[in-house]
Amino acid sequence: MARRAAVPARPLGDDFSFVSPVVKYVLFFFNLLFWVISMVMVAVGVYARLLKHAEAAMACLAVDPAILLIMVGVLTFLITFCGCVGSLRENICLLQVFSVCLTIIFLLQLAAGVLGFVFSDKARGKVSEIINGAIVHYRDDLDLQNLIDFGQKEFSCCGGVSYKDWSQNIYFNCTATNPSRERCAVPFSCCLHDTEQAVINTMCGHGMQARGYLEASAFIHTNGCIDKLVNWTHSNLFLLGGIALGLALPQLVGIVLAQLLINQIRDQIKLQLYNQQHRADPWY
């Protein structure tokens, strides 16, 4: 049964309001914070895109972290803008748009998590496809290159399934007809870390694809990043669950506050109509 506002026995004063200032301004500043964050994300993403050459930008559009940052920033900007203005102006329409958008995003995240768990094999295949695509475009995008190097260093891995996956890249391709000076090489981020080495040897991966697993393992990480990523995921389920909860909690708070404020605004509108009707009554 829908909640009904309590109808007063007589008109209340003009200074009375069902709208709680606490709910109103908590929701406003909550959205304002994420609104500012979204503008910073868009600015960083646009700046990163402007620093790149046009041909590199077109070659790796689908896997460009800068494009992803811009898209997420713009989406967050639009949603939080509705929340900011809707709460400040007590606009039911904008608050409903804000609440519905947050609900849809929350349900999509929940569905993605469930589907990823149920169809783990297909999810692994998709991850493999993304990693192979990133390997192909390794030299085309500086942000992507730094991201791959960071991942290979952190997970102590090289390539997708193995270090020989780097032959998919035109510069590291191990065929005899490849004129590149990096033929049969792997990125320096695949190399074993030497704690006594003060300067990083960026040439340490040259010729490693031409060597066997046992011989190459003395110089580089030969295991692929897919297995390492899967093992890390299984070992850090509580951490991932905490991150997921941390992402979902602000969304749930925003939805609850928006719905609470919408109900308060509706009650206030009913009160105003009630007061107007009774003030127009000559017997009042």
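Along each chain, residues carry numbers from 1 onward, in the same order as the chain's sequence is written. Only residues with pLDDT of at least 70 are given local features in this predicted model, and only at 80 or more are side-chain atom pairs given and counted; all residues enter the totals for whole chains, interfaces and linings. Think of the side-chain values as coming from all heavy atoms in the structure, minus any hydrogens and water.

- In the nomenclature of an unreviewed UniProt entry, the chain is known as Tetraspanin of Cisticola juncidis.
- UniProt positions are given in the numbering used here, feature names are shortened, and annotations may be inferred rather than shown by experiment. The UniProt entry for the chain carries the following comment under Sequence similarities (unreviewed entry): "Belongs to the tetraspanin (TM4SF) family."

1. What about the packing of helix H5 (residues 120–136) against helix H8 (residues 225–235)?
At step 1: Every angle, taken between N-to-C directions, lies between 0 and 180 degrees, and every axis is a line fitted to C-alpha atoms, over only the stretch in contact when it is a helix. Helix numbers and strand numbers start at the N terminus; a helix is a DSSP run of H or I with at least 4 residues, a strand a run of E with at least 2. Look at H5 against H8: their axes get within 10 Å of each other, and the N-to-C directions meet at 135°. With respect to their mutual orientation, H5 and H8 come out oblique. In the crossing of H5 with H8, the sense of the turn from one axis to the other is right-handed. From H5, Arg124, Val127, Ser128 and Ile131 reach across to H8, where they touch Ile226, Asp227, Leu229 and Val230.
At step 2: Looking at side-chain class alone, the contact of H5 with H8 contains 5 nonpolar, 1 polar and 2 charged residues. Roughly parallel means an angle under 35 degrees; roughly antiparallel means over 145; roughly perpendicular covers 65 to 115; every other angle is labelled oblique. The hand of a helix crossing depends on one turn: near helix anticlockwise from the far one by less than a right angle means left-handed, and clockwise means right-handed. Note on contacts: a residue pair is in contact if any heavy atoms of the two residues lie within 4.5 Å. Each residue is assigned to one of three groups, with Ala, Val, Leu, Ile, Met, Phe, Trp, Tyr, Cys and Pro labelled nonpolar, Asp, Glu, Lys and Arg labelled charged, and all others, Gly among them, labelled polar.

2. Observations concerning unusual backbone geometry
At step 1: Here Ser156, not a glycine, exhibits a phi torsion of approximately 50°, which is positive.
At step 2: In this structure, Cys184 takes a positive phi of about 65° despite not being glycine.
At step 3: Tracing the backbone through its elements, the reader meets Cys184 in the loop between helix H6 (142–155) and helix H7 (213–216).
At step 4: You can call Cys184 buried: its relative accessible area is 6%. Accessible area is worked out with a 1.4 Å probe on protein chains only. A residue is then buried under 20% of its type maximum, exposed over 50%, and partly exposed in between.

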